[in-house]
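# Remarks on the overall topology
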Amino acid sequence: MSQLAEFTQQKLIRKPILAMTHVVYGYPSVTESLSWMRRLLEESVDFIEVQFPFSDPVADGPSIVAACHKALEQTLDVDTCLSQLGELARDFPESRIVLMSYLNPMYRFGLEKLAKRASEENIQGLILPDLPIEAASQYQQACQRHNIDPVWLVTPVTPTERLTMLASQASGFLYCVARSGVTGHSSHESKAKDASLDDYLALIKQHASAPIGVGFGLRKRSQIEQLIGKADIAILGSALLDAYNQGGQNAGIELIKELFH
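Presented here is an overview of the structure given in this document. Just so we're clear, the structure is a prediction, and the values are computed from it rather than from any experiment.

### So, the side chain of threonine 158
- As for its placement among the helices and strands, threonine 158 is situated in the loop between strand 6 (153–154) and helix 8 (160–169).
- For threonine 158, a relative accessible area of 15% translates into the label buried.
- Among the polar contacts made by the side chain of threonine 158, one reaches the main-chain amide nitrogen of threonine 155 at a distance of 2.9 Å.

### Focus: the packing of helix 2 (residues 30–42) against helix 4 (residues 78–91)
- For the pair helix 2 and helix 4, the least separation of the axes is 11 Å and the interaxial angle reads 20 degrees. By the angle between their directions, the pair helix 2 and helix 4 is classed as roughly parallel. In the packing of helix 2 onto helix 4, the handedness of the crossing is right-handed. On helix 4, the residues touching Val30, Leu34, Met37, Arg38 and Leu41 of helix 2 are Gln84, Leu85, Glu87, Leu88 and Asp91.
- Tallied by class, the residues present in the contact of helix 2 with helix 4 amount to six nonpolar, one polar and three charged.

### Quick notes on the packing of helix 6 (residues 111–120) against helix 7 (residues 137–145)
- Direction vectors running N to C along helix 6 and helix 7 enclose 25 degrees, while the axes themselves pass 9 Å from each other. Accordingly, the angle class assigned to the pair helix 6 and helix 7 is roughly parallel. Between helix 6 and helix 7 the crossing geometry is right-handed. Here Leu111, Glu112 and Ala115 of helix 6 come into contact with helix 7, specifically with Tyr139, Ala142, Cys143 and Arg145.
- Grouping the constituent residues of the contact of helix 6 with helix 7 by class yields five nonpolar, no polar and two charged.

### So, the nonpolar core
- Core analysis: the biggest nonpolar cluster contains 77 residues, and Leu99 and Ile204 have the highest contact counts within it.
- Of all the elements, helix 11 (residues 238–260) adds the most residues to this core, at ten residues.
- With residues near it in sequence (within four places) discarded, leucine 99 still touches Val50, Phe52, Cys81, Leu82, Leu85, Met106, Leu114, Ile123, Gly125, Leu126 and Ile127.
- Within the second largest apolar cluster, 18 residues are counted, among which are Leu4, Leu18, Val98 and Val151.

### Examining the state of the cysteines
- With the rule as written, the count across this model stands at zero disulfides.
- Free of any disulfide, cysteine 81 has its nearest cysteine sulfur in cysteine 68, 12 Å distant.
- Its sulfur unpaired, cysteine 143 is 16 Å from the next cysteine sulfur, which belongs to cysteine 81.
- Cysteine 143 sits in the buried class, given a relative accessible area of 1%.

### Quick look at the side chain of serine 95
- You can see serine 95 is positioned in the loop between helix 4 and strand 3 (96–100).
- When residues no more than four places from it in sequence are discounted, the contact partners of serine 95 are Phe7, Leu41, Ser44, Val45 and Asp46.

### Some remarks on unusual backbone geometry
- In the segment running from tyrosine 27 into proline 28, the intervening peptide bond is cis, with an omega of -10 degrees.
- When you line up the elements, proline 28 lands in the loop between strand 1 (18–24) and helix 2.
- Here asparagine 122, not a glycine, exhibits a phi torsion of approximately 60 degrees, which is positive.
- Turning to its location among the elements, asparagine 122 is positioned in the loop between helix 6 and strand 4 (125–127).
- The exposure class assigned to asparagine 122 is partly exposed, which follows from its relative accessible area of 33%.
- Notably, asparagine 147 is not glycine yet its phi reads approximately 60 degrees, a positive angle.
- You can see asparagine 147 is positioned in the loop between helix 7 and strand 5 (149–151).

Thresholds, definitions, all that
Residues numbered from 1 in each chain as written. Predicted model: local features only at pLDDT ≥ 70, side-chain atom pairs only at ≥ 80, totals over all residues. Heavy atoms only, no water. Helix = DSSP H or I, 4+ residues; strand = E, 2+ residues; numbered from the N terminus. Buried < 20%, exposed > 50% of the residue type's maximum accessible area, 1.4 Å probe, protein only. Polar contact = N/O pair within 3.5 Å; in protein donor to acceptor, adjacent residues only side chain to side chain. Axes fitted to C-alpha atoms, helices over the stretch in contact; angles between N-to-C directions. Parallel < 35°, antiparallel > 145°, perpendicular 65-115°, else oblique. Left-handed = near helix turned anticlockwise from the far one by under 90°. Contact = heavy atoms within 4.5 Å. Nonpolar A, V, L, I, M, F, W, Y, C, P; charged D, E, K, R; others polar. Core = buried A, V, L, I, M, F, W, Y, C linked by side-chain atoms within 4.5 Å. Disulfide = S-S within 2.5 Å.

Structure representation (structure tokens):
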């Protein structure tokens with residue numbers, strides 16, 4: 001069992017579902033983003049998904065796109081980011097940090113170097129949503145050498161054959177997009193759509209031995225509660241960023257308490 005999977009399994013002994021929060025590194029500044037991560041970790045969130053910004057974040061909705069563009073007004077460095085995240089990982093051993101970005105900046109940094117540096121800083125998972133698994137053999141080998149989990153994404157429109165392949169290869173956790181489209185859109189689920197999500201997660205569970213994380217569109221406590229017993233990790237992205245934009249760190253913490261406590 002991988003490090004992230006074992007961590008998740010142990011945490012689920014005490015919690016019905018784990019919380020993963022999403023933060024854009026460098027937004028609105030590097031110092032403030034690190035302060036926000038520290039505050040989240042002080043509140044004992046289970047995971048932070050830290051996004052190293054890219055100019056064309058194709059899977060993300062308008063809130064995260066705007067945050068990435070604001071962050072990129074500064075000169076950001078992947079190695080410095082990893083070092084700073086490593087300090088947080090050492091200070092908060094009861095939580096885990098995973099790094100998310102797009103292939104372009106990570107490829108420029110070097111995928112072997114990325115896996116090595118992530119391992120050195122105890123960043124146990126990497127998420128590259130625009131890297132197809134069919135083109136990822138060298139990346140997978142680098143992750144394996146350095147004991148890092150490459151996290152794959154599936155969506156409700158992923159063909160069944162491909163979905164089962166990705167589920168069977170998942171290690172740390174499988175990132176399951178709850179609906180088609182980009183992050184951040186409000187979700188007004190009908191009973192039919194609820195049933196469809198249940199079927200989708202049930203199909204994944206048949207083929208995945210790794211934990212299941214669900215994100216995209218989670219904004220209400222009822223949505224989190226619906227996932228209990230069907231998924232292991234609920235991923236809060238645009239809703240948390242929107243709360244932060246409206247009321248700062250305190251508003252973001254209040255949302256987490258409302259959804260998870």
